[in-house]
Amino acid sequence: MKKIVWVLVVLLIGAGAALTCPDKAAHKSALMAAANTYVDDKVDSKVGTTGIAGAIGQGLKAVKKAVGAPAASLLLDKYLEVDSYGVLTVGKIVKKSESKTVSLGVFGHVFTPSSEMIDKALNEKSDK
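Structure report, in brief. These numbers were taken from a predicted model, which means no experiment stands behind them.

### Quick look at the nonpolar core
If you look at soluble globular proteins, the nonpolar side chains tend to sit buried side by side.
Logical step 1: By size, the foremost hydrophobic cluster in this structure holds six residues: Leu31, Met32, Ala69, Leu76, Leu80 and Val102.
Logical step 2: If you list the elements that add at least two residues to this core, you get α2 (24-47) and α3 (51-79).
Logical step 3: If we ignore the near neighbours within four places in the chain, the residues touching Leu80 are Lys24, His27, Lys28, Leu31, Leu75, Gly91, Lys92, Ile93 and Val102.

### A short note on the pattern of salt bridges
Logical step 1: Summed over all chains, the structure comprises six salt bridges.
Logical step 2: A salt bridge links Lys28 to Asp77, with the nearest nitrogen and oxygen atoms 2.7 Å apart. Residue Lys28 is located in helix α2, and its partner Asp77 is located in helix α3; the two are separated by 49 residues in the primary sequence.
Logical step 3: Residue class for Asp77 comes out partly exposed when judged on its relative accessible area of 42%.
Logical step 4: In this structure, the salt-bridge partner of Glu98 is Lys100, at a minimum N-O distance of 3.8 Å.
Logical step 5: A relative accessible area of 45% places Lys100 in the partly exposed class.

Cut-offs used in this document
Residues numbered from 1 in each chain as written. Predicted model: local features only at pLDDT ≥ 70, side-chain atom pairs only at ≥ 80, totals over all residues. Heavy atoms only, no water. Core = buried A, V, L, I, M, F, W, Y, C linked by side-chain atoms within 4.5 Å. Buried < 20%, exposed > 50% of the residue type's maximum accessible area, 1.4 Å probe, protein only. Helix = DSSP H or I, 4+ residues; strand = E, 2+ residues; numbered from the N terminus. Contact = heavy atoms within 4.5 Å. Salt bridge = Lys/Arg side-chain N within 4 Å of Asp/Glu carboxyl O.

Right, dumping it as structure tokens:
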């Protein structure tokens with residue numbers, strides 16, 4: 001009897017994961033939010049948040065919102081591919097023959113890299 005209960009629990013969890021699997025739009029939205037958080041954190045740490053520096057920082061964030069966000073959205077439309085594996089989805093940036101995993105979606109949530117991970121990846125690329 002216990003085995004039947006466990007099988008049912010596993011089947012229900014699998015069905016729940018399959019029914020709530022995030023789509024490409026959810027991956028794009030989560031990646032845009034992660035990128036915005038990263039840029040805002042960088043502006044705040046490099047420029048500051050008070051006085052004239054804070055005003056300059058707010059101006060830079062406004063430029064990001066007006067120019068950077070639409071450009072990033074277009075890039076994600078072009079290069080983001082989302083593979084579905086039934087109970088989870090994997091977002092990848094595909095450019096030419098190179099593919100990098102950038103997000104993982106399960107149970108209606110998309111997991112993206114943290115600001116620290118993005119910073120490390122960007123600095124790694126600039127060193128090469």
